[in-house]
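Each chain, letter by letter, is given below.
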Amino acid sequence: MDTRTHDDTSDHAVVTRDTLTLRLTVNGKPRQYAIEPWVTLLDLLREHEHLTGTKKGCDHGQCGACTVLVDGKRINSCLALAICKDGAQVTTIEGLAVCDRLHPLQQAFMDHDALQCGYCTPGQICSAQGLINEGHARTRDEVRESMSGNLCRCGCYTNITDAIMEVLEQEGAR
Amino acid sequence: MAISSGTGVRIGDPVNRVDGVAKVTGRARYAAEHPAPDLLYGWVVSSAIAKGRIVAIHDHAAREVPRVVEVITHLNRPDTPQSDSCYKDDVAPPGRPFRPLYDERILFNMQPVALVVGETLEAARYGASLVEVEYAAEAHNTDFRTALDERFVPREKRPMFEQPQNRGDARSAYARASRKLSAEYHLPIHFHNPMEMHASTVVWEGGGKITVYDKSQGSQNVQRYLAHAFGLALEDVRVMNQYVGGAFGSGLRPQYQTYLATLAAKKLARSVRVVLTRQQMFSHVHRPEAVQSVALATDETGRLQAIVNDATTSTSRFEDNMETVCDWGLMNYACPNAAAESTIARIDTYTSGDMRAPGAATGMTLFEMAIDEMAYEAGIDPLQFRLTNYSDKNAMEDSPFTSKALRAAYLQGAAAFGWRKRTAEPRSMREGRELVGWGVATGMWEALYQKMPARVKLLPGGEIEVSAATSDIGTGTYTVMAQVAADTLGLPLEKITVRLGDSDLPKSPVEGGSRTAASIGAAVQAACQQVAEKLRAAKGRIEKPIEVEVTPSGDLAGKDKSRATHSAVFAEVRVDEELGVVRITRIVSAVAAGRIINPKTARSQILGGIVMGVGMALHEEGLIDHGLGRFMNHNFAEYHVPVNADIYDIDVIFVDEPDSEVTPLGVKGVGEIGIVGTAAAILNAIYHATGKRVRSLPATLDKLL
Amino acid sequence: MNPFSYARPTGITEAVREGATRHARFLAGGTNLVDLMKENVEQPERLIDINRLPLKKIEDLEGGGLRLGALATNSETAYDPRVARHYPLLSAAILSGASPQLRNAATNGGNLNQRTRCYYFYDRATACNKREPGSGCGALGGVNRIHAILGASDQCIATHPSDMCVALAALDAQVRITGPAGDRVIPLTDYHRLPDDKPWLDNRLRPGELVTAIDLPPEDFSEHYTYLKLRDRLSYAFALVSVAVALRLDGKRISEARIALGGVAHKPWRSPVAESGLAGEQVSREVFANAANALLDGAVGHGDNDFKIELARRAIIRALEQAANGTPQSLFDKRIS
């Protein structure tokens with residue numbers, strides 16, 4: 001079993017069954033890990049980084065609770081092997097607030113009571129930021145469809161949509 | 001320092017949730033998120049058969065996995081008690097509670113048969129996939145329809161089961177009547193599926209003490225359960241559930257991961273975390289399957305003459321779970337003759353349990369579908385039918401309510417919905433390629449009150465700490481407690497800290513049944529009043545904290561009266577006439593629930609119940625392969641809960657319903673009323689749109705082709 | 001998920017060489033493979049991360065047409081202005097599948113190669129000839145609501161879950177493949193297999209081969225198309241039945257028709273008889289009904305999915321109407337036009 005690791009993972013194939021070097025920028029901070037390739041990005045964040053804001057709701061890409069932004073795009077972190085994201089910028093819920101000021105989505109979610117138990121909330125908010133970044137959804141129907149990858153068993157959907165529409169309108173007005 | 005009124009928040013203000021910041025920033029920690037030194041991870045291995053015995057377990061390969069520390073099975077588990085009473089929690093129904101990993105017997109499919117413990121989640125997960133179990137299968141039955149043949153009335157019933165009370169002679173009155181209807185309705189098994197999977201982190205504190213972070217609706221119930229099951233002193237077990245990712249009843253009883261994590265911690269003298277997979281969330285508690293037979297009869301003017309409302313719900317072979325299913329129909333309508341029989345039938349699953357509005361979400365919903373059919377049979381508008389047969393009092397117990405503003409709810413809801421414009425004939429309303437249907441149904445739920453303590457501590461700097469062992473499962477308990485304190489003491493919310501979800505705090509029962517706001521609210525108010533008195537006595541100046549723990553005393557006024565919340569739910573559906581696709585485009589729910597502490601969070605509770613009602617009506621169903629005795633759609637991809645695109649406009653109206661008797665604060669609780677009757681309003685609307693009566697939920701498109 | 005070795009080649013030749021290793025699997029977006037590995041349905045010993053390969057571009061082809069890189073994501077493809085303008089059927093199909101999060105990660109090649117969502121395939125405690133040849137088919141005689149009504153065998157009644165492939169089938173896309181034996185191109189309609197007596201083979205990709213691109217022919221059906229998807233909730237669910245239609249009309253006369261069905265078979269389902277039957281005909285419900293009957297010729301239900309036959313019949317007719325009227329199904333307005 002070949003256990004070589006290469007520090008510069010960008011040019012060479014890395015061939016190993018043990019830990020690999022992974023470099024990520026997590027919420028603006030450069031991080032380096034030695035992890036096995038079978039660790040998901042979700043488990044890396046929760047168990048290795050202790051950033052438990054990102055939630056595990058199903059672990060199979062069927063609920064969206066694990067949504068984070070990777071290079072600005074929303075994905076399900078439970079189906080991403082962390083090692084595949086080498087070099088990427090990862091933004092989690094913990095990285096959205098700036099200097100203790102709540103992100104507009106966080107404030108809107110609170111104002112519209114777009115949360116109850118709070119477990120799907122980080123995923124909803126990261127997904128909403130991803131939606132805004134994508135720049136496609138504008139109407140209420142478009143937002144509802146575009147947020148359908150985030151389940152909420154507490155049933156906050158109408159409030160979630162209200163919150164996102166408010167932020168979209170704010171952004172549009174800017 | 002003075003406590004002035006008018007500066008703070010009042011009861012009735014729609015303030016933002018006080019735990020909102022913790023939740024939107026991701027700082028709130030749920031059961032699987034509390035760190036512990038040297039933490040081990042346990043991964044559950046689940047049975048592949050529904051009934052029989054484990055013949056052998058081959059765990060050699062699992063043990064060989066690097067960083068796997070142990071494989072625990074019934075063969076090597078620590079000694080655990082022999083008596084059933086040690087495994088019974090406060091909410092357990094009569095019977096023999098399940099003992100995880102106790103012996104070789106398999107009682108239900110996906111029963112836990114081993115726990116693989118590893119230094120990392122990945123090691124435990126991989127090890128679990130390598131455990132091979134040999135079974136000797138026995139004949140099983142998961143088919144409720146055949147189980148019905150052996151339905152029975154259990155001798156020992158759950159304490160909270162309310163026996164239906166018959167009146168008059170319903171069966172004769174039915175036989176005599178000119179207009180009648182008899183039909184059978186069916187509800188499949190539903191799973192709670194809160195977004196947070198069941199999880200426990202057991203922290204091995206040393207000295208025989210453990211702290212358990214659990215996904216639970218009652219930390220003290222779990223504390224007692226673990227103490228009894230593992231022979232620990234109560235003071236050596238601390239259970240914390242400060243943030244719970246939804247529960248809807250699935251956290252009333254400890255689930256098996258709590259037991260397994262504690263078992264492993266005890267065996268290994270280390271901290272252990274066990275998180276169930278989403279698939280395993282289909283291996284335990286669920287809303288029971290139900291068949292309800294309803295016979296109704298009216299006279300020529302549409303007045304009800306007979307109600308027969310029999311229901312059978314499912315339970316396991318080892319415990320007798322039972323719900324109050326039949327009473328709602330008997331309580332809600334004026335009718336001289338009514339009879340009901342509530343029975344249960346056994347299938348080889350885990351024991352069914354309470355899921356949001358247990359009994360009523362089933363029994364009132366299915367009954368309201370029958371009422372709709374009867375209205376049509378009698379040629380009367382369904383809303384008018386309900387008004388014609390309205391009962392001001394509890395028709396089953398013949399007792400007045402402390403308040404019942406259901407009539408106002410019907411009228412206000414109808415006005416907001418535009419019910420007046422409805423044309424009665426099915427298939428008479430359409431737009432484009434869609435048939436439009438408007439349906440109505442009644443909701444009812446009990447408004448209970450339980451005396452419980454709250455502790456309030458006033459610090460010299462003017463800050464307040466309010467504590468109780470109760471829970472907030474998304475229901476807004478944190479905010480309710482803070483808001484009542486703010487109102488009573490005239491303080492801003494920023495000065496108030498709420499502590500809950502900790503078995504060390506003042507004694508609370510499990511959070512369920514929509515009683516918490518009323519009960520803990522009253523306790524917080526009483527405790528704050530005492531603090532205010534002490535502060536006045538000290539002339540507004542204190543050097544040391546004032547701390548009181550108060551349980552409201554005295555009886556409720558109108559003790560013998562009935563106490564309930566009511567709602568009138570209106571739904572508009574649009575059904576594609578060719579393809580059977582249903583869109584629920586408008587719902588109006590007018591709720592009479594007494595005094596509303598926080599209209600913002602209360603509205604969310606109703607919205608949540610309504611969305612679950614949508615799931616009941618159109619989507620949710622545990623699909624069982626009866627040959628295997630196994631739920632096949634055990635994941636979020638194939639067990640469908642509503643998504644955002646399924647939910648259109650929902651309007652919630654809180655009907656004015658002052659009530660000085662129901663509970664000390666006049667509060668009734670709104671956690672469950674939202675789901676009751678909602679699916680019926682939708683199914684009734686589907687009938688109005690299509691002329692098709694769907695009596696077996698969910699109304700999937702194949703039933704409408 | 002079993003431990004595995006991990007390689008990250010940067011060149012295609014290197015990737016193909018790696019792919020020839022026994023028990024190796026190519027990993028792109030991972031939205032299907034990682035899911036299956038967590039269920040221990042797929043247990044590769046080696047994962048070859050191909051995300052650095054130069055296969056991401058969407059390029060104009062000389063003479064018209066578009067080459068979709070195998071590693072372009074589903075989202076990038078659906079929103080590419082050229083795809084949206086000339087192949088809106090493809091955009092609509094992609095955007096009706098999965099969720100934005102999944103589409104942002106999933107690649108075109110991965111979408112082709114995704115495996116069935118049959119409950120029994122996914123559940124190692126049950127019998128599945130696709131997962132374990134010879135073990136039986138749990139869906140036959142079990143729960144089969146989401147299963148095939150066409151082209152199945154007595155060994156397997158699974159369906160292919162992709163929406164994108166249904167549109168690609170209707171558009172006569174070509175799949176470009178490279179491998180140890182060199183390059184080849186096969187029609188998308190030949191790419192996926194029927195289960196017959198080898199249900200473990202989903203498609204015609206040979207060991208070590210890699211999809212490099214999907215070519216769309218120049219034919220533009222952007223005026224008369226629709227992707228109609230019927231499912232058990234309004235979003236984020238697999239198709240019970242879906243219909244991709246692309247028509248070329250000359251006034252009210254159909255000059256060319258393409259119809260492909262999803263959710264009903266082990267591959268997107270087309271019928272040359274149905275399509276040639278439509279060519280030259282005037283648009284009418286009767287003509288559409290004939291096409292539906294031809295498409296559903298031989299359809300058989302297995303109990304829970306019997307309804308799919310009638311549902312498909314009606315869906316085909318409705319989809320043809322939508323396409324003929326120039327009112328394709330909207331993704332956001334869930335009224336069926």
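Residues numbered from 1 in each chain as written. Chains lettered and ligands numbered in written order. Predicted model: local features only at pLDDT ≥ 70, side-chain atom pairs only at ≥ 80, totals over all residues. Heavy atoms only, no water.

(A) Main features of the pairing of strand β17 (residues 434-446) of chain B. Residue and element names in this part refer to chain B. Counting buried residues in β17 gives 12 out of 13 residues, a clear majority hidden from the surface. Relative to β17, strand β16 (residues 430-431) runs antiparallel, the two sharing two bridges. Bridge pairing in β17 links R430 to L435. Where β16 folds back onto β17 in an antiparallel hairpin, the turn is made up of two residues, including G432, whose phi is positive at roughly 65°. (Buried < 20%, exposed > 50% of the residue type's maximum accessible area, 1.4 Å probe, protein only. Helix = DSSP H or I, 4+ residues; strand = E, 2+ residues; numbered from the N terminus. Pairing = 2+ DSSP bridges.)

(B) Structural context of the nonpolar core. Formed by 311 residues in total, the largest nonpolar core has its most connected members in A:L41, A:I164, B:L296 and B:I682. At 11 residues, helix α13 (residues 307-325) of chain C tops the list of elements feeding residues into this core. If we ignore the near neighbours within four places in the chain, the residues touching A:I164 are A:L105, A:F109, A:A128, A:L131, A:V143 and A:M147. Of all hydrophobic cores here, the second largest spans 39 residues; its members include C:A78, C:I177, C:Y191 and C:A246. (Core = buried A, V, L, I, M, F, W, Y, C linked by side-chain atoms within 4.5 Å. Contact = heavy atoms within 4.5 Å.)

(C) The arrangement of the sheet that holds strand β4 (residues 73-76) of chain A in detail. Residues and elements named next belong to chain A. An order of β2-β1-β5-β3-β4 is seen for the five strands of this open sheet, with the pairing classed as mixed. For this open sheet the edge positions go to β2 (29-35) and β4, each flanked by a neighbour on one side alone. Pairwise comparison of adjacent strand axes, ignoring direction, gives a mean angle of 40° for this sheet. One ladder, built from two bridges, connects strand β1 (residues 20-26) with strand β5 (residues 89-91); its direction is parallel. Of the residues in β5, the one forming a bridge with V26 is V90. Sitting on the sheet, helix α1 (residues 41-48) touches β1, β2, β3 (67-70), β4 and β5, and the angle it makes with β1 is about 80°. Relative to the sheet, helix α3 (residues 121-134) contacts β3, β4 and β5, its axis offset from that of β3 by approximately 40°. (Axes fitted to C-alpha atoms, helices over the stretch in contact; angles between N-to-C directions.)

(D) Representation of the interface of chain B and chain C. On the side of chain C, 38 residues touch chain B, which itself brings 37 residues to the contact. The largest contributions to the chain B side of the interface with chain C come from B:E578, B:L579 and B:M632, which together make up 17% of the buried area. Between the two partners, chain B and chain C, sit six salt bridges. Two residues, B:R433 and C:E321, come together in a salt bridge whose shortest N-O distance is 3.2 Å. If you look at where chain B meets chain C, you find 12 residue pairs in polar contact (both at pLDDT 80 or more). Broken down by secondary-structure element, the contributors of at least two residues to the side of chain B that touches chain C are α3 (121-130), β23 (582-592), α14 (599-619) and β24 (624-625) of chain B. A total of three residues in the side of chain B that touches chain C trace back to one element, the largest contributor, which is α3(B). (Buried area = accessible area lost by both parts, 1.4 Å probe. Salt bridge = Lys/Arg side-chain N within 4 Å of Asp/Glu carboxyl O. Polar contact = N/O pair within 3.5 Å; in protein donor to acceptor, adjacent residues only side chain to side chain.)

(E) Structural context of the domain arrangement of chain B. Residue and element names in this part refer to chain B. With domains assigned, chain B is organised as domain 1 (20-29 + 449-550), domain 2 (34-138 + 195-247 + 251-282) and domain 3 (150-190 + 286-447 + 563-704). Between domain 2 and domain 3, the C-alpha centre-to-centre distance is 37 Å. Every contact between the two is made by 23 residues of domain 2 and, on the other side, 22 residues of domain 3. With both sides pooled, the region where domain 2 packs onto domain 3 buries about 2000 Å², and carbon together with sulfur makes up 63% of that total. The interface formed by domain 2 and domain 3 contains two salt bridges. Across the pair K51 and D348 runs a salt bridge whose closest N-O atoms are separated by 3.8 Å. On inspection of domain 2 and its partner domain 3, the count reaches seven residue pairs in polar contact (both at pLDDT 80 or more). (Domains from an automatic or database assignment.)

(F) Looking closely at the sheet that holds strand β1 (residues 5-7) of chain C. All names here are of chain C. The sheet built from three strands is open, its strands ordered β1-β3-β2 with parallel pairing. Of all the strands in the sheet, just β1 and β2 (24-27) have a single pairing partner and so form its edges. When strand polarity is set aside, the average angle formed by the axes of neighbouring strands in this sheet is 25°. Examined bridge by bridge, β2 and strand β3 (residues 46-49) share four bridges and lie parallel to one another. Considered in β3, the bridge of A24 is made with R46. On the sheet, helix α1 (residues 12-19) packs against β1, β2 and β3 and is oriented at approximately 145° with respect to β2.

(G) Representation of the environment of C:S5 within the structure. Residues and elements named next belong to chain C. Turning to its location among the elements, S5 is positioned in strand β1. Here the alpha-carbon distance between S5 and P133, two residues 128 residues apart in the chain, equals 26 Å. There is a polar contact of 2.7 Å between the side chain of S5 and the side chain of R46.

(H) Quick look at the interface of chain A and chain B. Tallying the contact residues gives 48 residues for chain A and 58 residues for chain B. A combined buried area of about 4400 Å² lies between chain A and chain B, and 53% of that area is made up of carbon and sulfur atoms. For the chain A face of the interface with chain B, the top three residues by lost area are A:Q116, A:R144 and A:R153, together amounting to 20%. Here chain A and chain B share five salt bridges between them. The closest approach of N and O atoms between A:D113 and B:R17, which form a salt bridge, is 2.8 Å. At the boundary of chain A with chain B, the tally comes to 30 residue pairs in polar contact (both at pLDDT 80 or more). Contributing elements (two or more residues each) for the side of chain A that touches chain B: α1, α2 (104-111), α3, α4 (140-146) and α5 (157-173) of chain A. Residue contributions to the side of chain A that touches chain B peak at five residues, all from α2(A).

(I) Looking closely at empty space enclosed by the protein. Tallied over the entire structure, the rule returns 14 cavities of 30 Å³ or more. What the largest cavity holds in volume is close to 400 Å³. Taken together, 27 residues line the largest cavity, and the ones lying closest to its centre are B:V581, C:K229, C:R231, C:R233 and C:L234. Among the elements that line the lining of the largest cavity, the one with the most residues is strand β9 (residues 225-230) of chain C, at four residues. (1 Å grid on protein atoms, 1.4 Å probe; cavity = no way out; pocket = protein on both sides within 12 Å on 5 of 7 lines; lining within 4 Å. Points joined across faces, edges and corners; volume = space filled by probe spheres on them.)

(J) Inspection of the side chain of C:S271 at higher detail. Residue and element names in this part refer to chain C. Of note, S271 is situated in the loop between β11 (253-262) and α11 (272-278). In this structure S271 comes out as buried when scored by relative accessible area, which is 8%. Within the structure, the side chain of S271 is placed 3.0 Å from the backbone nitrogen of A274, a separation counted as a polar contact. Other than its neighbours up to four places away in sequence, S271 contacts A294 and L295.

(K) Geometry of the domain arrangement of chain C. What the domain assignment lists for chain C is domain 1 (5-51) and domain 2 (225-325). Taking only C-alpha atoms into account, the centre of domain 1 of chain C sits 36 Å from that of domain 2 of chain C.

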